[in-house]
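Residues per chain, in single letters:
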Amino acid sequence: MKNLIRVAQRTYLKDLKNYMTYKFNIFGELFLNFILVFMLFYAANVFKNSESLLLEKYDNNYFLFLLTGMMVFLFLTKTFSSIIFFVNSSQNLGYLESFFLTRTNFVIILISSSI
């Protein structure tokens, strides 16, 4: 467990340092998220007065229903795409084989890269 936390922490700091070098990327992510919430809000207004059994958990608030579903979908998409990107980039750069030769389990390395 200590190994997983240590590998995850070092991988996260490396990725954060790499991500912070691209300032425009951060603004693009914020802008796209704002547009997404804006579109969901107006799509929810179309169904404002509708009654549905599925929306009872959300007090018939279609916006919360859409927002929750979209956040789960985006979380899963980012997680799985980061794992695929990690494996692909490590194959292309030629250091995937070195992960198999280390004492750290390869699954721990994959989980750390998805964080």
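Structural notes, computed from the coordinates.

Cut-offs and rules
- Residues numbered from 1 in each chain as written.
- Predicted model: local features only at pLDDT ≥ 70, side-chain atom pairs only at ≥ 80, totals over all residues.
- Heavy atoms only, no water.
- 1 Å grid on protein atoms, 1.4 Å probe; cavity = no way out; pocket = protein on both sides within 12 Å on 5 of 7 lines; lining within 4 Å.
- Points joined across faces, edges and corners; volume = space filled by probe spheres on them.
- Helix = DSSP H or I, 4+ residues; strand = E, 2+ residues; numbered from the N terminus.
- Core = buried A, V, L, I, M, F, W, Y, C linked by side-chain atoms within 4.5 Å.
- Buried < 20%, exposed > 50% of the residue type's maximum accessible area, 1.4 Å probe, protein only.
- Contact = heavy atoms within 4.5 Å.
- Salt bridge = Lys/Arg side-chain N within 4 Å of Asp/Glu carboxyl O.
- Phe/Tyr/Trp six-rings, centres within 6.5 Å; stacked < 30°, edge-to-face > 60°.
- Patch = residues over 30% accessible without salt bridge, like charges linked within 9 Å, V, L, I, M, F, W, Y side chains within 5 Å.
- Areas by Shrake-Rupley, 256 points an atom, 1.4 Å probe, with all protein chains shown as cover.

Computed from the structure, the largest pocket encloses a volume of approximately 970 Å³. Lining the largest pocket are 23 residues, and of these Asp15, Tyr19, Ser82, Ser113 and Ile115 lie nearest its centre. Every element with two or more residues in the lining of the largest pocket is listed here: α1 (2–20), α2 (23–46), α3 (62–93) and α5 (106–114). Take the lining of the largest pocket: its biggest share by element is nine residues, from α3.

So, about the nonpolar core. Counting residues in each nonpolar core, the largest one holds six residues, listed as Phe86, Leu96, Phe99, Phe106, Ile109 and Leu110. For this core, the secondary-structure elements that each account for two or more residues are α4 (96–101) and α5. Element by element, the count of residues in this core is highest for α5, at three residues. Not counting residues up to four positions away in its chain, the partners in contact with Phe99 are Phe86, Ser90, Thr104, Phe106 and Ile109.

Attention now goes to the pattern of salt bridges. Applying the stated rule across the entire model yields one salt bridge. Among the salt bridges present, the one from Lys78 reaches Glu29, with a minimum N-O distance of 3.6 Å. Taken together, the residues Lys78 in helix α3 and Glu29 in helix α2 connect sequence positions 49 residues apart. Owing to a relative accessible area of 28%, Glu29 belongs among the partly exposed residues under this scheme.

Applying the stated criterion across every chain, the model contains five aromatic pairs. Centroid distance Phe41 to Phe63: 5.8 Å. Interplanar angle 80 degrees. Geometry classified as edge-to-face. With Phe41 in helix α2 and Phe63 in helix α3, this residue pair connects regions lying 22 residues apart in the sequence. A connected cluster of aromatic rings, assembled from ring pairs, spans Phe34, Phe38, Phe41, Tyr42 and Phe63.

Residues Tyr12, Leu13, Leu16, Tyr19, Met20, Val107, Ile111 and Ile115 make up a contiguous nonpolar surface patch of roughly 720 Å² in combined accessible area. Sorting the residues of the nonpolar patch by element identifies α1 and α5 as the ones contributing at least two each. Of all the elements, α1 adds the most residues to the nonpolar patch, at five residues. Along the chain, Tyr19 turns up in helix α1. The class of Tyr19 is partly exposed, set by a relative accessible area of 32%.

Its identity is not glycine, yet Asn60 carries a phi of approximately 55 degrees, on the positive side. Here Asn60 shows up in the loop between α2 and α3.

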